[in-house]
Amino acid sequence: MDKLSKLHRSRNHRMIAGVMGGIAEYLGWSPTLTRLLFFIVSTISAAVPGILIYIILWIMMPNATPASYKTNNEH
């Protein structure tokens, strides 16, 4: 699986804006498990709503380009 070299919104694993997919690609995690973890944490947390964090990340994170990805052969 190709990995993002910097934190960007994903081009490959988008459901809404690619925020969780981008975080998953950057960390090398499963996008589905990352979304599930985000949902659970944002549901449990009463201090800051998860939707607000998601919107801020959507605005702050740049969109990934093909040059944003590094293949497994590159170290």
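Below is a short write-up of the structure.

Taken together, the side chains of M15, I16, V48, I51, L52, I53, I55, I56, W58, I59 and M60 make up a nonpolar region of the molecular surface, amounting to roughly 1,100 Å² of accessible area. With respect to the secondary-structure elements, I53 resides in helix α3 (residues 50–60).

For helix α2 (residues 31–44), spanning 14 residues, the distance from its first C-alpha to its last is 20 Å, which sits close to the expected 20 Å at 1.5 Å a residue. Buried positions along α2 lie against α1 (19–27) and α3.

What follows covers the packing of aromatic side chains. By the definition in use, this model includes two aromatic pairs. Where F38 meets Y54, the ring centres are 6.3 Å apart and the plane angle is 55 degrees; that geometry is what we call tilted. A residue pair is termed long-range when its members are at least 10 positions apart, and F38 in helix α2 and Y54 in helix α3 qualify at 16 residues. Residue classification places F38 among the partly exposed positions, given a relative accessible area of 24%. A centroid spacing of 6.2 Å and a plane angle of 75 degrees characterise the contact between Y54 and W58, whose relative ring orientation is edge-to-face. Taken as a pair, Y54 and W58 lie in helix α3 at a separation of four residues, close to a single helical turn. The exposure class assigned to W58 is partly exposed, which follows from its relative accessible area of 38%. An aromatic cluster is defined as three or more aromatic residues linked by ring pairs; in this entry it consists of F38, Y54 and W58.

Among the secondary structure elements, R9 is positioned in the loop between β1 (3–4) and α1. The buried charged residue R9 lacks any salt bridge partner; its closest oppositely charged side chain belongs to E25, at an N-O distance of 11 Å. In this structure R9 touches R14, A17, G18, V19, G22, W58, M61, P62, N63 and A64, once residues within four positions along its chain are discounted.

Parameters at a glance
Residues numbered from 1 in each chain as written. Predicted model: local features only at pLDDT ≥ 70, side-chain atom pairs only at ≥ 80, totals over all residues. Heavy atoms only, no water. Patch = residues over 30% accessible without salt bridge, like charges linked within 9 Å, V, L, I, M, F, W, Y side chains within 5 Å. Areas by Shrake-Rupley, 256 points an atom, 1.4 Å probe, with all protein chains shown as cover. Salt bridge = Lys/Arg side-chain N within 4 Å of Asp/Glu carboxyl O. Helix = DSSP H or I, 4+ residues; strand = E, 2+ residues; numbered from the N terminus. Expected span 1.5 Å × (residues − 1). Contact = heavy atoms within 4.5 Å. Phe/Tyr/Trp six-rings, centres within 6.5 Å; stacked < 30°, edge-to-face > 60°. Buried < 20%, exposed > 50% of the residue type's maximum accessible area, 1.4 Å probe, protein only. Lys, Arg positive; Asp, Glu negative; His and termini not counted.

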